[in-house]
Amino acid sequence: MAKLGVGVLGVGRMGRCHAENVRSRVPEAKLVAVADVDVEAARRLAADLEIEHSYASIEELVERKDVDAVVIASPSRFHLANVQAAAAAGKHIFCEKPLALTIDGIDEAIEAARRAKVLLQVGFMRRYDPAYAEACKRIEAGEIGTPIIFRSIGRDRQPPPLSFYQSGSGALFLDSTIHEFDLARWLMHDEVAEVHAFGGTLACPELVQFGELDAGMVNLRFSHGAIGNVESFRQSRYGYDIYTEVVGSKATLRVGYLRQTALTVLSGEGVSHDVVDHFLMRFAEAYLNQLRDFLRSVLRGSEPSVTGEDARQALAIALAAARSQRDSRTVLVAEEARADTVHSAS
Ligand SMILES: NC(=O)c1ccc[n+]([C@@H]2O[C@H](COP(=O)([O-])OP(=O)(O)OC[C@H]3O[C@@H](n4cnc5c(N)ncnc54)[C@H](O)[C@@H]3O)[C@@H](O)[C@H]2O)c1
């Protein structure tokens, strides 16, 4: 069977990971080309992965007839335009989160894919992590009873490089906490109705110039009455710490671990072990599973598991959190989604 031709756009931290996975770990796919506005970086990655083609733009990438699907890992502010370009060329699309930065933008992205009859999947990879996937299965099977409380924390060891912010990614709630918001909907099998967020630039003064937060705390109320709380922090210093808890009426599930390898050192100085360092390490398996699932959906012609609608709901929560933090008030998620539409129509 002919392999699916894949092109990767944006060859930074995520793009490289996706390109490496397509190149050597997805038997159904062939990495045809990579592209990046930094064409030297694209050339270097192409050379590293021993592929022939590298380009400076998505337009050149999607012009290729042997590219069936595009993986978009450019900075967040370009996602919408990139999705539209890929859809217009009839390419299936995997796009990193957030799919766009506004609700209208998400709707335009979904519409572009619908019109072109191409698949659109969004990068909420935690759903593909074995522990999270197992937790979801058990919740669906009723093992914990009715989910009552959702708690999740996401702490990076260090903030992303400043270039990440300079190029148009990095808004805390939209780019980072959005993973917890997606988990909240997915694991609680409910929509978040209301949020109250706090945040600040408390540990990383270098982020002040971008007007970005480094710490955020968001209280959630779900539409059926369950409650939750999520935390994001850019600089734990001790490691990449992702931890989620779902408390149910019958049992509680905890997902997350700090230790990367199964080695513990016990000595006169105490007990020590290593710590997960980075998202590329913690979620390596999830990134691969996610890509495989997307490409298999393309091959089967089936609906993707994580849809544009999922991206829309998670973004609405993130925008509501951002507004709540700015205005120092509780915000209804529905109100925020409507506000976005009204705002951009005026
Ligand atoms: N799912 C996850 O766990 C996860 C983790 C990190 C980042 N991300 C997302 O992936 C995206 C990329 O993040 P990153 O950490 O790889 O960023 P990065 O800064 O490391 O890389 C971005 C790359 O895009 C290139 N670029 C800039 N403008 C471009 C354009 N217009 N077209 C094409 N390429 C362009 C840059 O030259 C750079 O090589 C962001 O949207 C981010 O939110 C997702």
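Further up the page is the structure itself.
Residues numbered from 1 in each chain as written. Predicted model: local features only at pLDDT ≥ 70, side-chain atom pairs only at ≥ 80, totals over all residues. Heavy atoms only, no water.

Asker: Just to check I follow, could you spell out the pairing of strand 4 (residues 69-72) for this structure?
Answerer: Each regular strand shows side chains that alternate between the opposite faces of the sheet. Across the two faces of strand 4 the burial is the same, with Ala69 and Val71 and Val70 and Ile72 all buried. Across four bridges, the pairing between strand 1 (residues 4-9) and strand 4 is parallel. In the sheet register, Val6 faces strand 4, and the bridge partner there is Ala69. Where strand 4 and strand 5 (residues 92-95) come together, four bridges link them in parallel fashion. Bridge pairing links Ala69 to His92 in strand 5. You can see the chain leave strand 4, run along helix 4 (residues 79-88) and come back into strand 5, and the turn it takes is right-handed. (Buried < 20%, exposed > 50% of the residue type's maximum accessible area, 1.4 Å probe, protein only. Helix = DSSP H or I, 4+ residues; strand = E, 2+ residues; numbered from the N terminus. Pairing = 2+ DSSP bridges. Right-handed = clockwise from strand over helix to strand, strands pointing away.)

Asker: Explain the pattern of salt bridges to me, please; I cannot follow it from the model alone.
Answerer: Side chains that differ in sign of charge can pair as their charged atoms come close. Within this structure, the stated rule accounts for 26 salt bridges. Glu28 is paired through a salt bridge with Arg296; the nearest N and O atoms lie 2.7 Å apart. Pair noted here: Glu28 is in the loop between helix 1 (13-25) and strand 2 (29-35) and Arg296 is in helix 11 (residues 284-300), with a separation of 268 residues, a long-range link. Residue classification places Arg296 among the partly exposed positions, given a relative accessible area of 32%. Of the charged contacts in the structure, one is a salt bridge between Asp277 and Arg157, with a shortest N-O distance of 2.5 Å. Here Asp277 is found in the loop between strand 14 (270-273) and helix 10 (279-282), whereas its partner Arg157 is found in the loop between strand 7 (147-155) and helix 7 (162-166), with 120 residues between them in sequence. Looking at Asp277, the relative accessible area reads 33%, which means it is partly exposed. Ionic contacts of the salt-bridge type, sharing partners, join the residues Arg127, Asp182, Arg185, Glu191 and Asp310 into one network. (Salt bridge = Lys/Arg side-chain N within 4 Å of Asp/Glu carboxyl O.)

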